[in-house]
Amino acid sequence: MNRPAASAVPPTAPIAARRPHSFTTHGITLTDDYAWLKDPNWQEVLRDPSVLDPDIRAYLEAENAYTEALLGHTGDLQRKLVAEMRGRIKEDDSSVPAPDGPFSYFRKFRDGGQHALHCRMPRDGGEVQVLLDGDQLAAGHDYFRFGEVRHSLDHALCAWAADTKGSEYFTVRIRSWATGEDSAIDVIEETDGGVVWSADSQAFFYVKLDDNHRPMQVWRHRLGTPQAEDTLVYEEKDTGWFTHIHESSSGRFCVIAGGDHETSELWLIDLADPNAKPRLVAAREEGIQYSLGDRGDQLFILTNADDAIDFKIVLAPLDAPERANWRDLIPHRPGIYLDDFELYAGHLARLERANALPSILIRDLATNEEHAIAFAESAYSLDSLGGYEFETTNLRIAYSSMTTPSEVYDYDMVTRQRVLRKREEIPSGHDPANYVTTRIMALSHDGAEVPVSILHRKDLKRDGRAPLLLYGYGSYGYEMDAAFSASRLSLVDRGFVYAIAHIRGGADKGWGWYLDGKREKKINTFEDFAAAARALIANNYTAAKRIVGHGGSAGGMLMGAVANRHGELFAGLVAEVPFVDVLNTMLDDSLPLTPPEWPEWGNPIESEADFKTILSYSPYDNVAAKDYPAILAMGGLADPRVTYWEPAKWVARLRATMTGGGPVLLRTNMGAGHGGASGRFKRLDEVAIVYAFALWAVGLADAPRETMA
């Protein structure tokens, strides 16, 4: 890259103090110079970020000032990017109303509004009633995010949850549809944000987080009583398991869903019985996962039992649902990943994936006849959106591609008629014909074929000179669909190619694709991402040092590992809330996510093999004296998932160890958590920083990039 003029005085990067902390595990001694950046009082910091240790706060603020100084010349560019991205958002947007009995419920936004308004109107149309005004509720808070908003079954009340710190501690309140007022008594603190109403609408169930931010307990709250009088109905004793709740398909039961990344166990509570005790469906068996829907006296169960790696659907009697009574309905088919299903009174709609492309299959439960809903583009996103009603033939689906804005359809499962209910509006204009979506296959280090979805302008000249942003995740079996994003057009319209690498660790090509990218096979994730970069170079979309990698959370770990292993391919890397201190985090069983994450990464406390595996790739532990690409790490002070000190420690070690390249930047949002800034327009400010950094890294911003040389 061009160097600044000799007279330019670059800002000075903060230097974190080294305070060595040594520890020995499995006979291996490691020294962590930056362990002090983890506040010993971190649990309280999640609840109240103002109590952060002053030395740590001073360091984080110094890093923020350095990042601001180094990227300051892109301020005008960032503002222009925000204006462009905002111009593609329909400001007074609304969701398609979802019918439930006499009403239809929906969300909408006002012009300029950051947060949603939750509303309803008569089912067949009429006056709109606004119950929750997110902008009003967010006033006075630096951060605000709704959790679940769920009306009672008698349509008289609404339970709503909100997080005002970014720490994912949600407070539940009860509001009357008649008066618009919240109950002063029914205030439930420190929940996960989910609510399930009882059938009589006089009580609801919720999950309470413990002192280590773990969802371990299900409680029943009676309206008109204080939280201190609530009844504990279920408690999970295994700290490696998380517990959540939801309504069953018919609405008859509250489903208590417990599990980790490999095993699950479900319990049912009859919502018609206020004092019902949870009833076990099938006892946990290590490695067996299942979820369910209910219909009459039968349960429909999605499971990987009996070596069904890509899952199958079985039937079980409601009164005897244990595994011995499971009978195949949709058998296992290797390579056809059965991702999810929705159950209705007369139909089963299941989402399948083959070779990283989704489709929806509809089964008539009276005749067992099936038909498919599919689309013709080479890469796209397709999903069902669910609804409130069980006795319906209507299935609501959402479709988009990297060139086609989101479309919401109502699909009649009997007549097979598809009605467009909403097409995402791009107020500033968007012509899909100006863009191209395609897909290539990248050959990884072991011969695996990795799908790569690509978006670029139609007039792109494929001469290997274009800059390219390559996005990846590759963990937990999450798929990265080739969906539409209006924001990324700001890069593509500036000549960027945008690509998504469907790497192992995700389930884009089936559950086996996920299994082949976890624990002792984790390096496949990193090598697949590098293979995608090389394939894009070989196909003349870009060149080495013209690529900017981008990932968040576990995808941020991917960026850290790629920086250590294949940094020469990249001009820059953006790691949002990056899980980079993998070994130290997995060794600390007090952290919120550590015990439930052991099945994903391994347990280095108990297993020497797991310790050595994680040590071999953990980005923080493998920083080396070498050149690194420019790096932007972004964290959130109140983040309970990837704690703020992970990116802080990583940046400190990078800056102290690397011999050239860079620069390395850290930006910590001091008023947010894992999801970044709240509010649909505030979030654009952070996207603009990412895009400005990407443009700067490849020489397309207004000023030259500083180097460490």
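The notes below deal with the structure included here. (Residues numbered from 1 in each chain as written. Predicted model: local features only at pLDDT ≥ 70, side-chain atom pairs only at ≥ 80, totals over all residues. Heavy atoms only, no water.)

**Observations concerning the overall build of the chain**
Which entries qualify depends on this criterion: In this description a helix means any DSSP run of H or I spanning at least four residues, a strand means any run of E spanning at least two, and both kinds are numbered starting from the N terminus. Throughout, radius of gyration means the C-alpha value; the globule benchmark is 2.2 Å times the number of residues raised to the power 0.38. Here, two residues are considered to be in contact whenever any of their heavy atoms come within 4.5 Å of each other. Per-residue and other accessible areas were derived by the Shrake-Rupley procedure at a 1.4 Å probe size, with only the shown protein chains allowed to occlude residues. The charge count treats Lys and Arg as positive and Asp and Glu as negative. His and the chain ends do not count. All charge positions are set by atom: Lys at NZ, Arg at CZ, Asp at CG, Glu at CD.
Counting its secondary structure elements, the chain contains 13 helices and 40 strands. Expected size for 709 residues packed as a compact globule is a radius of gyration near 27 Å; at 25 Å, the chain falls within 12% of this value. Across its three principal directions, the C-alpha atoms of the chain cover 75 × 55 × 50 Å. Taking contacts inside the chain between residues at least 6 apart in sequence as the whole, the part at least 24 apart equals 57%. On the chain, roughly 27000 Å² of surface is accessible, and the fraction owed to carbon and sulfur atoms is 48%. Placing the 73 positive and 103 negative side-chain charges of the chain at their respective mean positions leaves the two points 5 Å apart.

**Observations concerning the sheet that holds strand 29 (residues 407–412)**
This is how it is decided: When DSSP finds two or more bridges between a pair of strands, those strands are recorded as paired. To get an axis, a line is fitted to the C-alpha atoms, and for a helix only the part in contact is used. The angle between two axes follows their N-to-C directions and goes from 0 to 180 degrees.
Taking strand neighbours across the sheet as the criterion, the 4 strands line up as 27-28-29-30 in an open arrangement whose pairing is antiparallel. Every other strand in the sheet has two partners, leaving strand 27 (380–384) and strand 30 (418–423) as the edge strands with one partner each. In this sheet, adjacent strand axes meet at a mean angle of 25° when their direction is disregarded. In terms of strand pairing, strand 29 meets strand 30 through 5 bridges, oriented antiparallel. The residue bridging tyrosine 411 from the neighbouring strand is arginine 418, located in strand 30.

**Brief notes about the sheet that holds strand 23 (residues 337–343)**
Pairing is antiparallel in the open sheet, where 4 strands are placed in the order 23-24-25-26. On the outer flanks of this sheet lie strand 23 and strand 26 (370–373), each paired with one strand and no other. Taken over all neighbouring pairs, the strand axes of this sheet differ in orientation by 25° on average, direction set aside.

**A few points about the packing of helix 3 (residues 75–87) against helix 13 (residues 682–697)**
This is how the line gets drawn: Every angle not falling under 35 degrees, over 145, or within 65 to 115 is termed oblique; those three ranges are roughly parallel, roughly antiparallel and roughly perpendicular. A crossing counts as left-handed when the near helix is turned anticlockwise from the far one by less than a right angle, and as right-handed when that turn is clockwise. Residue polarity is assigned by list, with Asp, Glu, Lys and Arg as charged and Ala, Val, Leu, Ile, Met, Phe, Trp, Tyr, Cys and Pro as nonpolar; anything else, Gly included, falls into the polar class.
Interhelical geometry of helix 3 versus helix 13 gives an angle of 125° and a closest axis separation of 9 Å. When the axis of helix 3 is compared with that of helix 13, the two are oblique. Here helix 3 runs over helix 13; the crossing is right-handed. Where helix 3 approaches helix 13, its residues Leu77, Gln78, Leu81, Val82, Met85 and Arg86 are matched on the opposing element by Leu684, Asp685, Val687, Ala688, Ile689, Tyr691, Ala692 and Leu695. Taken together, the residues that form the contact of helix 3 with helix 13 break down as 11 nonpolar, 1 polar and 2 charged.

**Topic: the packing of aromatic side chains**
Our working rule: Put simply, two rings from Phe, Tyr or Trp (the six-membered ring, in Trp's case) pair if the centres are within 6.5 Å, and we call them stacked under 30 degrees between planes, edge-to-face over 60, tilted for the rest. The cut-offs for exposure are 20% and 50% of the maximum accessible area for each residue type, with area from a 1.4 Å probe on protein chains only; residues under the lower value are buried, those over the upper are exposed, and the others partly exposed.
Inspection of the entire model under this criterion finds 27 aromatic pairs. On the basis of an interplanar angle of 65° and a centroid distance of 6.1 Å, the ring pair of phenylalanine 311 and tyrosine 337 is categorised as edge-to-face. Linking phenylalanine 311 in the loop between strand 20 (298–303) and strand 21 (312–317) with tyrosine 337 in strand 23, this pair joins segments that are 26 residues apart in sequence. For the pair phenylalanine 311 and tyrosine 337, one class covers both residues: buried.

**Structural notes on the pattern of salt bridges**
Which entries qualify depends on this criterion: Think of a salt bridge as a Lys or Arg side-chain nitrogen and an Asp or Glu carboxyl oxygen that are within 4 Å of each other.
Across all of its chains, the model carries 53 salt bridges by this definition. Between arginine 421 and aspartate 410 there is a salt bridge, with the nearest N and O atoms lying 2.7 Å from each other. With a gap of 11 residues between them, arginine 421 in strand 30 and aspartate 410 in strand 29 connect regions that are remote in the sequence. Aspartate 410 sits in the buried class, given a relative accessible area of 10%. Across the salt bridge formed by aspartate 493 and arginine 457, the nearest N and O atoms sit 3.0 Å from each other. Pair noted here: aspartate 493 is in the loop between helix 5 (489–492) and strand 34 (497–501) and arginine 457 is in strand 32 (residues 449–457), with a separation of 36 residues, a long-range link. For aspartate 493, a relative accessible area of 36% gives the class partly exposed. The partly exposed category is assigned to arginine 457, whose relative accessible area is 23%. Where salt bridges share partners, they join Glu44, Arg47, Glu190, Lys208 and Asp211 into one cluster.

**Let's talk about the environment of valine 623**
Within the fold, valine 623 resides in the loop between helix 11 (608–617) and strand 37 (627–628). On the accessibility criterion, valine 623 (14% relative accessible area) is buried. Measuring from C-alpha to C-alpha, the distance between valine 623 and glycine 572 comes to 16 Å, with 51 residues separating the pair along the chain. Aside from chain neighbours lying at most four places away, what touches valine 623 is Asn564, Tyr628, Trp650, Arg653, Leu654 and Thr657.

**Some thoughts on the packing of helix 2 (residues 54–70) against helix 12 (residues 645–657)**
Here helix 2 crosses helix 12 at 65°, and the two axes come no closer than 12 Å. On the basis of the axis angle, helix 2 is roughly perpendicular to helix 12. Considering how the two elements wind past one another, helix 2 and helix 12 form a crossing that is left-handed. The residues of helix 12 that touch helix 2, namely those facing Tyr59, Leu60, Glu63 and Tyr66, are Ala648, Val651, Ala652 and Arg655. Tallied by class, the residues present in the contact of helix 2 with helix 12 amount to 6 nonpolar, no polar and 2 charged.

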